[in-house]
Amino acid sequence: MRTHAQAVVIGGGLIGCSILYHLTKLGWKDVVLLERDELTSGSTWHAAAGIHGLHDSANISRIQHYTMTLYNELEAETGQSCGVFQPGSLYLAQTENREHQLKLQAAKAKLYGMKFHEISRDEAERLHPLVNFDGIRTIMWEEDGGNVDPSGVTHAYAKGATQRGGEIHRFTPVTGTEQQPDGTWIVRTTKGDIKTPWVINAAGLWGREVAKMAGLEMPLQPTEHQYFVTETIAEIDAMDRRLPSVADRDGEYYMRQEGQGLLIGAYEKDMRFWAENGTPLDFAHDLFPDDLERIEENVLRAMDRVPVAATAGIKRVINGPMIWSPDSNVILGPVPELDGYFMCGGIIPGFSQSAGMGLMVAQWIIEGEMQYDMFPWDVARFGLWANNPDFVKAKVRDVYSHRFAIHFPNEERAAGRPVRTRPIYETQKAMGAVFGLNYGWEHPLWFAKDPGTVDTNGFTRQNWWGPVGEECKMLRDRAGIIDISNFAKYICKGPGASDWLNAVFANNMPKEIGRSCLTPLIGKRGGIAGDFTVTRLAEDEFWIIGSGIAERYHSRFFKQVPLPKGTTFESHTDSICGFNVAGPKSRDLLQRLTNTSLNTEDFPFMRSKMIDIAGIEALALRVSFTGDLGWEIHCKVEDQAKLYEALLSAGKDFGAGPVGGRALMSLRVEKGYGSWSREYSPEYWPQEIGLDRLCKMDKDFLNKEAVAETLAQEARETLVLLHLDEADTAASNADATGGEPIFKDGIGIGKVTSGTYGYTVGMSLALAHVSGAEPGDEVEVMVLGQPHKARILHEPPFDPKGEKLRA
């Protein structure tokens, strides 16, 4: 066994072997995989191993498509059968919402060149004559859907990796992972130690235990999961071809052919946790006792859909463990607090994602960044707050029991909440606030007339649509008070503060005290890793404000540039709260509470001051994400309640009141402002989103060489603002929400990144990335999967010249 390696993968299941394979495929040879037992021990060997390409996320769809495509190539490369069956998959919609979801996915498939389209009932009955299609509204056909052999795929990855020089050691449990002073790791095993710069935790059911060896807690929880295989069914035995699988997610089961019978599985409401206090170390190719009564309701629905299933006996039952994250997505990426430690755990649809996941891991480790923006999978989307066992169990119970439920746009799940609240949470709740979750924090999305009101969910306009419009109009006509405490806030102090910030960010830092600037943070491939507002408060003190959900993600970048001696950079998100007071009456409202002059001559746009407001010391920034006249007021957390009360009280005389996050979304889109994780991400180049002017190439900064390469190229696409046809949106009662494909003359040209109704401009609007189109062009946006006419605007409909913003 090697004593040194470029990377050590812990875990010999499907994902660990895929990671090892892709590390070697991208050129690394000195890589090792350690498996405590036999390959596929754990949850891999008993998986149903279905494969499908489409997902609500475009990038996850790309990853799944890559995975499905690779299996046949892997067989040819290694000579190891992957047991690939691709008879296709039928997707059934029993409800209008499922119909909307499937038609939207079909539109995305057309945009990305995937084989997924609607078919008639006659065609569906020809493809699968055993299905009863009564009550089905829409049927989609995925030509490449099917299943693979779990053991075959895993061993094919393993063989492909070893053929390129990788090493695999079975029956070699890891007993410790110890980081050395130089940042490298010693991986201790029963057969010797390995020194490596990269530890990759792909230990599956034991991911929590392996993480603890490095001093880490991971928000993961295993559950039981059951499926069964029937005995031979005569009608299937008599067929000369393999039947397609059936995805009837409204029925909450899955079904495919297995041998000459059927495999039927379910995610039941009456779920069971397993190994709550740790996965047993002696667990391997083990199963739990059968408990089919728990999934009886789901199975009965499956038998109604395919009646011959009711005539067959049960050949075998699989009741085995799966390990889940709080949102059912994988926990993936370098742990921000530990150099050289990569996490990959909580994988559920592993056989649809294994190759793409392995490729993403290998790209990040070898090249420094993935080719796709995979923030929905990033370990950094959860802070340390997510390690609360009660939160994890509540969320896992929810995602397991709603595995096949539709995840609607703007949906907020209540399970496990609240986790973190600010001092004014109860006050806002009593005022009718309906809350969302933002990096663990509760924050108001909108304010209902009746406290206790909750969101309704769907693809069309919901119960919040009208009230949010009233909030927008109040702010544009008078003023509004928005809680922005969930923004990430940092303070950099010391003699080297200016130099360090200039070395991190692409824009020049403010030289004059009281000035602010906007600046991009550049990723490893030259894209936009973040956008920030930086304010110089003193000669040696700066405040930095950025995206709250990305605080842990951005910490990876900040630590890449060493701090000068005597200089500090610290997060103050937990200790500082903030409000944006905006609208034409915002100056008058705030002036009642402070003696500091807020006149334009004394307090221009993009300036800042420490002020006394309502007897509270606060930082006032003259910026507003609404695009209207406004200030951000940031105070200590202990002063939040007093400041909020003062703002609301002063606001009454001006007809101003609280405004939530959904209104802010509408207001910023009216102004054409982008936001991180929607319009801005590492996938997009500065010139594609209008931030190239903020990249100052006459100085050095993080990843300057990479952005120099991207800036030297033509933009692949452009960020534009679309006005959707009023007749189309009124007929569908729906606006774009994000992710909708865009077509021009039948050709896919891009997708929506943010969509909303612009209440104060009377337009259904969408920000989008497109190619081959210009302002004035007519396009089609696939809202609800149906074409909605739209026109690319020449300028934002609200205050295009910024006159109100600077008034």
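Residue positions are counted from 1 within each chain, in the order its sequence is given. A pLDDT threshold of at least 70 governs which residues receive local features in this predicted model, and a stricter bar of 80 or more applies before side-chain atom pairs are shown or counted, although totals over entire chains, interfaces and linings include all residues. Water and hydrogen atoms were dropped before computing side-chain values, which therefore reflect all heavy atoms in the structure.

Asker: Would you explain the overall build of the protein chain in this entry?
Answerer: Counting its secondary structure elements, the protein chain contains 20 helices and 38 strands. Its C-alpha atoms give the protein chain principal-axis dimensions of roughly 85 × 65 × 50 Å. Burial analysis of the protein chain (807 residues in total) assigns 62% to the buried set. In the structure as shown, the protein chain presents an accessible area of about 29800 Å², 48% of it carried by carbon and sulfur atoms. For the charge count, each Lys or Arg is scored as positive and each Asp or Glu as negative, with His and the chain ends excluded. Think of each charge as sitting on NZ of Lys, CZ of Arg, CG of Asp or CD of Glu. Side chains of the protein chain give 83 positive and 108 negative charges; the mean places of these two sets differ by 3 Å. Strands are runs of DSSP state E lasting at least 2 residues, helices are runs of H or I lasting at least 4, and numbering of each runs from the N terminus. Only protein chains enter the calculation, and the probe is 1.4 Å; a residue is then buried if its accessible area is under 20% of its type maximum, exposed if over 50%, and partly exposed in between. Surface exposure here means Shrake-Rupley accessible area, sampled with a 1.4 Å probe, where a residue is shielded only by the protein chains that are shown.

Asker: Would you take a moment to explain the packing of helix H2 (residues 58–78) against helix H5 (residues 150–163) for this structure?
Answerer: To describe two helices that pack against each other, one gives the angle between their axes and the distance between the axes. Axes here mean lines fitted to C-alpha atoms, for a helix over just the part in contact, with angles spanning 0 to 180 degrees between N-to-C directions. Close contact between H2 and H5 brings their axes to 10 Å; oriented N to C, the two are set at 55 degrees. On the basis of the axis angle, H2 is oblique to H5. Crossing handedness for the pair H2 and H5: left-handed. Between H2 and H5, the contacting residues are Leu70, Tyr71, Leu74, Glu77 and Thr78 on the first element and Val153, Ala156, Tyr157, Lys159, Gly160 and Gln163 on the second. Polarity classes work like this: nonpolar for Ala, Val, Leu, Ile, Met, Phe, Trp, Tyr, Cys and Pro, charged for Asp, Glu, Lys and Arg, and polar for all others, with Gly in that last group. Considered class by class, the residues forming the contact of H2 with H5 number six nonpolar, three polar and two charged. Any angle that is under 35 degrees is reported as roughly parallel, and any over 145 degrees as roughly antiparallel; angles of 65 to 115 degrees are reported as roughly perpendicular and all others as oblique. By convention, the crossing between two helices is left-handed when the near helix turns anticlockwise from the far helix through less than a right angle, and right-handed when the turn is clockwise. Two residues qualify as a contact provided that any one of their heavy atoms is within 4.5 Å of a heavy atom in the partner residue.

Asker: Looking at this structure, how should I read the pattern of salt bridges?
Answerer: Proximity of charged atoms lets side chains of opposite charge pair with each other. By salt bridge we mean one thing: a side-chain nitrogen of Lys or Arg within 4 Å of a carboxyl oxygen of Asp or Glu. This model, assessed by the stated rule, comprises 49 salt bridges. Salt-bridge contacts for Arg126 lead to Glu123; the nearest nitrogen and oxygen are separated by 2.8 Å. In this pair, Arg126 and Glu123 are both assigned in helix H4 (residues 121–127), three residues apart and thus about one turn of the helix distant. Its relative accessible area of 29% is what places Glu123 among the partly exposed residues. Of the charged contacts in the structure, one is a salt bridge between Asp653 and Arg592, with a shortest N-O distance of 2.6 Å. In this pair, Asp653 is assigned in the loop between helix H16 (640–652) and strand S32 (657–659) and Arg592 in the loop between helix H15 (586–591) and strand S29 (608–613), connecting sequence segments 61 residues apart. For the pair Asp653 and Arg592, a shared accessibility class is recorded, and that class is exposed.

Asker: Would you mind showing me how to read the side chain of Arg305 here?
Answerer: One can find Arg305 in helix H8 (residues 296–305). Arg305 gets classed as buried once you look at its relative accessible area, which sits at 8%. Polar contact is the term for a pair of N or O atoms within 3.5 Å; when the atoms are in protein, one must be able to donate a hydrogen and the other to accept it, and sequence-neighboring residues count only if both atoms are side-chain atoms. At 2.9 Å, the side chain of Arg305 forms a polar contact with the backbone oxygen of Asp134. Look past the residues within four positions of Arg305 in its chain and what remains in contact with it is Leu92, Gln94, Leu130, Val131, Asn132, Phe133, Asp134, Ile136, Asp248 and Tyr253.

Asker: I'm lost on the nonpolar core in this one. Help?
Answerer: As a rule of thumb, soluble globular proteins bury nonpolar side chains together. Residues Leu216, Met218, Tyr267, Trp324 and Tyr341 are the most contacted members of the largest nonpolar core, which totals 52 residues. Counting residues per element, the ones that place at least two in this core are strand S1 (7–10), strand S2 (31–34), strand S10 (185–189), helix H6 (207–213), strand S13 (221–230), strand S17 (314–324), strand S19 (341–345) and helix H10 (389–401). With five residues, H10 is the single largest residue contributor to this core. The residues contacting Tyr341, other than those within four sequence positions of it, are Thr177, Trp185, Trp198, Val199, Asn201, Val210, Ala211, Ala214, Leu216, Gly333, Pro334 and Val335. Only buried residues count toward a nonpolar core. Its members are Ala, Val, Leu, Ile, Met, Phe, Trp, Tyr and Cys residues joined through side-chain atoms within 4.5 Å. Leu33, Val330, Phe351 and Met374 belong to the second largest nonpolar core, which has 49 residues in total.

Asker: I tried to follow the sheet that holds strand S35 (residues 747–758) on my own but got confused; where do I start?
Answerer: In any sheet, the strands associate via hydrogen bonds between backbone groups, in a parallel or an antiparallel arrangement. Strand pairing requires that DSSP identify at least two bridges connecting the strands. One closed barrel holds the six strands; their spatial order is S33-S36-S35-S34-S37-S38, and the pairing between them is antiparallel. With direction set aside, neighbouring strand axes in the sheet form an average angle of 45 degrees. Relative to strand S37 (residues 778–783), strand S34 (residues 741–744) runs antiparallel, the two sharing two bridges. Looking at S37, one finds that Ile742 is bridged to Val781.

Asker: I tried to follow helix H13 (residues 497–504) on my own but got confused; where do I start?
Answerer: Side chains three or four residues apart in an α-helix point the same way, a direct result of the helix having 3.6 residues per turn. Of all the eight residues making up H13, six are buried; the element is thus mostly covered by neighbouring parts of the structure. On the buried face of H13, the contacting elements are strand S23 (488–493), strand S24 (516–522), strand S25 (528–538), strand S26 (541–546), helix H14 (551–558) and strand S27 (568–571).

Asker: When you look at H2 in this model, what are you seeing that I'm missing?
Answerer: In a regular helix each residue adds 1.5 Å, so 21 residues correspond to 30 Å; H2 covers 30 Å between its end C-alpha atoms and thus fits that length. The largest bend in H2 is about 30 degrees, located at Leu70. Its buried side turned inward, H2 meets helix H1 (14–25), strand S3 (50–51), helix H3 (96–112), strand S6 (138–142), H5 and helix H9 (350–367). After H2 finishes, the residue Gly79 shows a positive phi value of roughly 80 degrees. By definition here, a helix of n residues has an expected span of 1.5 Å times n minus one. Bend at a given residue is defined as the angle between two axes, one fitted to the seven residues that end at that position and one fitted to the seven that begin there.

Asker: Could you clarify how one ought to interpret the sheet that holds S23 in this entry?
Answerer: Strand order in the open sheet formed by five strands is S24-S25-S26-S23-S27, and the pairing between neighbours is antiparallel. Every other strand in the sheet has two partners, leaving S24 and S27 as the edge strands with one partner each. Pairs of neighbouring strands in the sheet enclose a mean axial angle of 25 degrees, with direction left out of account. Bridge analysis of S24 against S25 gives seven bridges, and the strand direction is antiparallel. Its bridge partner lying in S25, Leu518 is registered against Thr533.

Asker: Where do I start with the environment of His407 in this structure?
Answerer: By secondary structure assignment, the location of His407 is in the loop between H10 and helix H11 (425–430). Exposure remark for His407: the relative accessible area of 40% places this residue in the partly exposed category. Along the primary structure His407 and Phe459 are separated by 52 residues, whereas in three dimensions their C-alpha atoms are 9.7 Å apart. Not counting chain neighbours up to four residues away, the residues in contact with His407 comprise Asp56 and Arg413. At 3.5 Å, the side chain of His407 and the side chain of Arg413 are in polar contact.

Asker: Sorry if this is basic, but what is going on with the packing of aromatic side chains here?
Answerer: The description of two aromatic rings rests on the distance between their centres and on the angle between their planes. Within 6.5 Å between ring centres, the rings of Phe, Tyr and Trp (the latter by its six-membered ring) count as paired, and their orientation is classed by plane angle as stacked under 30 degrees, edge-to-face over 60, tilted in between. Evaluation of the coordinates by the stated rule reveals 37 aromatic pairs. Between Tyr21 and Tyr157, the ring centres sit 5.7 Å apart and the planes meet at 50 degrees, which makes this aromatic pair tilted. Here Tyr21, found in helix H1, pairs with Tyr157, found in helix H5; they are 136 residues apart in sequence, far enough to count as distant. Look at Trp274 and Phe283: their rings are 4.8 Å apart centre to centre, the planes differ by 50 degrees, and that puts the pair in the tilted class. Aromatic rings pair up to connect Tyr490, Trp500, Phe505, Phe532, Phe558 and Phe569 into one cluster. One Lys or Arg, Lys110, reaches over the ring of Phe743 and ends 4.7 Å from the middle of that ring. In this arrangement the basic side chain of Arg716 is found over the ring face of Trp685, its NZ or CZ atom lying 3.7 Å from the centre. Cation placement over rings: the criterion is NZ of Lys or CZ of Arg within 6 Å of the ring centroid and within 35° of the ring normal.

Asker: Help me out: how do you make sense of the pairing of S10 in this one?
Answerer: Working note: regular strand, side chains alternate between the two faces of the sheet. Burial analysis of S10 places four of its five residues in the buried class, the great majority of the element. Relative to S10, strand S9 (residues 174–179) runs antiparallel, the two sharing five bridges. For Thr177, the partnering residue across the bridge sits in S10 and is Val187. The turn joining S9 and S10, which pair antiparallel and follow one another in sequence, is formed by five residues; a positive phi near 95 degrees is taken by Gly183. If you look at the hairpin formed by S10 and strand S11 (residues 192–196), you'll find two residues sitting between the two strands.

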